[in-house]
Amino acid sequence: MKNRLYQPFLRDVKVTDGFWKQKMDINQKNTLPIQYKQCLETGRIDALKLKWKEGMQNKPHIFWDSDIGKWIEAAAYSLVNYPDNSIEEKIDYIIELIDKAQMPDGYFNSYFQSCDIEGRWKNLRDNHELYCAGHLIEGAVAYFYATGKVKFLRIVEKFADHIASQFGREEVKRRGYCGHEEIELALIKLFRVTNNKKYLNLAKYFVDERGSLPYYFDIEAKDRGEDPKKFWANSYEYCQAHLPVRQQKKVVGHAVRAMYLYCAMTDLAVETDDKQLLNACKILWNDLVTKKMHVTGGIGQTHANEGFTTDYDLPNESAYLETCASIGLFLWAYRMFNASLDSKYSNIMELALYNGIASGVSIDGKRFLYGNPLAVHPGFNGNGQYCGENFHYQRSDWFSCACCPPNIARLYASLPSYIYSLSKDALFLHIYTDSELMFKLAEKTIQIIQKTKMPWEGRILIQIIPETELYFKFYLRIPDWAGKFSIKINGKKAKILESKEVPGYIKISKQWKKGDNIELSIEMPIIQLEAHPAARQNCGKIAIKRGPFIYCLEEIDNGKNLNDICLLRKSQFTAKKIRDKKIGNFIAIFANSIKRSEKKWKNKLYSKEPSTLEKRKVMAIPYAFWGNRKAGEMITWIRAE
């Protein structure tokens, strides 16, 4: 594909300080050990020994192997920047278990080998075999990149070869594909590390075959003696298998499955120069971000299908917004930028990262959210269901379906590699954070050093240190939330020219030499966002944004009955540095509001007399930080005059 962009190797980028360094440190220190312990205590690791027998407790589950694969991937990426012999030994121990358990034909799945070997490959719609295989492949690729060790890579190559022998359009093969997409993008990763086109072709088959008639899920259901019409989800929209992917115009079904499919479609479009497939991705993207995405970058509005509903249905208290789905959106956005060169993708990548993803793990890295609602009220869970007056929706230590904790761990561990994109003659900067990049252009090594207090302050200092004088193009993203901005090059104010070929980025083309530097200054105004008039749940309300953060109100700062607060839109909104013992240092936003007095409401539910209005100042905190202090109410969309 013309002007193809590449993701830097993780080992070539280091986050050196600031907001994301703290997150990565905590991820390595707290999150990864906790997750390994949970995998051990819940039986996920012991299941790899294939010793479970009927009548024993802790029966393996069909998706347990995926949790193992994601934890290995997270731990492997972490090893790049945080060498740790104990973590490496744990990974090697798990690999030994998988190696011993793998069948001679290459098949591996701890559930089916222990519980239902005759059932393998007979229910692709529901049973996650290919999904689990995909996450093991991703883990193996990551571990190879991190350590150079090939054992796990050889295991998954053998597994992928077995899968290739089972699926395809040849007469002797099954014309199937997975109910939960993941194998597709994993096979492309395996192709990129092995250069074996068999894996790219298999990924292409899985993408192209999806949604073809006759439906494979109907065929396999009949083979099992089941009526396909009794599929619990009622429609193959649930797993994006209702139409061939190039014919799909609307984002439907299970949100995580959709994102993983779209990631694979984008990768495949790039690898095969398939413009039709990329155009299908662009159509789906536009449907998602203009009609179905929440203000935090959260996606998948309802628990019912862990996915999408109708256009402009954007609930708050019952919003599902799975952490994994926001991670999937981030991964897809990065791929779409690299394929299409437009800041509308990297802006959403940033939005999801700082909000829909960051809310999914506690400040200390020890507790997790599966769903990320935009409002909570004591007594009700994240699905809007009543759970008792003493119930508080909050983060959990773990989940029986534990896809989200290791998913966020692997993203945080690999985050440095998403800060930039590279091409043969250009560098693209997406995420502003203290970091160092080493890369090569024209066989010359170049170092880029970022220093900034982002995401709190909009001043970014960038040093360019080439091995020798070298010409290349440097593109800097101007976020969609930015106010006025300016650039200095080597201390002199420069004329700002937004790139025509890369909308939303400033292009600086010059002969770079040692000592060159850029100073980018971006104003960070407090923005009041409104939702589309058809978004019925948020009419007459605003969301507050500053920099990449969406803000929310919590009961601990503003008292009860948050929904009765009405912001005075014309009053001054002010940003102030705050120190909180649980959250740490951050910038809060203060605003004037009115709220009804509660004095006259004793022993009354309704009143014909107008209420007395009281003025009060409210404090908003970044949505990413909610639920780290005292439990209570929380709202993101706030009534306004």
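Residues numbered from 1 in each chain as written. Predicted model: local features only at pLDDT ≥ 70, side-chain atom pairs only at ≥ 80, totals over all residues. Heavy atoms only, no water.

## Brief notes about helix H3 (residues 85-101)
Part 1 of the reasoning: When the terminal C-alpha atoms of H3 are compared, their 24 Å separation across 17 residues agrees well with the 24 Å that a helix rising 1.5 Å per residue should span.
Part 2 of the reasoning: Among all positions in H3, only Ile87, Ile91, Ile94, Ile95, Leu97, Ile98 and Ala101 are buried. Buried residues of H3, viewed axially, fall in a sector of 155 degrees; they line one side. Pointing more than 90 degrees away from the buried face of H3 are the exposed residues Asn85, Glu89 and Lys100. (Helix = DSSP H or I, 4+ residues; strand = E, 2+ residues; numbered from the N terminus. Expected span 1.5 Å × (residues − 1). Buried < 20%, exposed > 50% of the residue type's maximum accessible area, 1.4 Å probe, protein only. Arc of directions from axis to C-beta.)

## Let's talk about the packing of aromatic side chains
Part 1 of the reasoning: This structure, assessed with the given rule, holds 45 aromatic pairs.
Part 2 of the reasoning: Ring centres 5.1 Å apart and planes at 45 degrees place the aromatic pair tyrosine 36 and tryptophan 71 in the tilted group. Remark: tryptophan 71 occurs in helix H2 (residues 64-81) and tyrosine 36 occurs in helix H1 (residues 18-41); sequence separation between them is 35 residues.
Part 3 of the reasoning: Judged by relative accessible area, which is 1%, tryptophan 71 ranks as buried. (Phe/Tyr/Trp six-rings, centres within 6.5 Å; stacked < 30°, edge-to-face > 60°.)

## A few points about the pattern of salt bridges
A side chain of one charge can pair with a side chain of the opposite charge when the charged atoms of the two come close.
Part 1 of the reasoning: The full count for this structure, using the stated rule, is 51 salt bridges.
Part 2 of the reasoning: With a closest N to O distance of 3.7 Å, glutamate 73 and lysine 189 form a salt bridge. With glutamate 73 in helix H2 and lysine 189 in helix H7 (residues 183-194), this pair connects stretches of sequence that are 116 residues apart.
Part 3 of the reasoning: As a salt-bridge pair, glutamate 157 and arginine 154 come within 2.4 Å of each other at their nearest N and O atoms. In this pair, glutamate 157 and arginine 154 are both assigned in helix H6 (residues 151-166), three residues apart and thus about one turn of the helix distant.
Part 4 of the reasoning: Look at arginine 154 and you get partly exposed, because its relative accessible area is 47%.
Part 5 of the reasoning: Here the salt bridges share partners, and the residues they tie into one network are Arg4, Arg192, Asp267, Glu271 and Arg335. (Salt bridge = Lys/Arg side-chain N within 4 Å of Asp/Glu carboxyl O.)

## Structural notes on the environment of serine 165
Part 1 of the reasoning: Structurally, serine 165 is set in helix H6.
Part 2 of the reasoning: Residue classification places serine 165 among the partly exposed residues on the basis of a relative accessible area of 41%.
Part 3 of the reasoning: For the pair formed by serine 165 and leucine 202, sequence separation is 37 residues and the distance between their alpha carbons is 9.9 Å.

## Quick look at the side chain of asparagine 109
Part 1 of the reasoning: If you trace the backbone, asparagine 109 turns up in the loop between H3 and helix H4 (110-115).
Part 2 of the reasoning: Judged by relative accessible area, which is 2%, asparagine 109 ranks as buried.
Part 3 of the reasoning: Within the structure, asparagine 109 has its side chain in polar contact with the backbone nitrogen of tyrosine 111 (distance 3.0 Å).
Part 4 of the reasoning: Within polar-contact distance, the side chain of asparagine 109 engages the backbone nitrogen of phenylalanine 112 at 3.0 Å.
Part 5 of the reasoning: Among all residues touching asparagine 109, those that are not within four sequence positions of it are Asp65, Glu129 and Cys132. (Polar contact = N/O pair within 3.5 Å; in protein donor to acceptor, adjacent residues only side chain to side chain. Contact = heavy atoms within 4.5 Å.)

## Some remarks on the sheet that holds strand S3 (residues 420-422)
Part 1 of the reasoning: The strand order across the open sheet built from four strands is S3-S4-S8-S11, with neighbouring strands paired in mixed fashion. The open sheet has two free edges, formed respectively by S3 and strand S11 (505-512), since each of these has just one partner strand. Each strand of the sheet is rotated relative to its neighbour by a mean of 20 degrees, with strand direction disregarded.
Part 2 of the reasoning: Inspection of the sheet shows strand S4 (residues 426-429) paired to strand S8 (residues 470-477) by four bridges, in the parallel sense. The residue bridging phenylalanine 428 from the neighbouring strand is tyrosine 475, located in S8.
Part 3 of the reasoning: On the sheet, helix H12 (residues 323-340) packs against S3, S4 and S11 and is oriented at approximately 35 degrees with respect to S3. (Pairing = 2+ DSSP bridges. Axes fitted to C-alpha atoms, helices over the stretch in contact; angles between N-to-C directions.)

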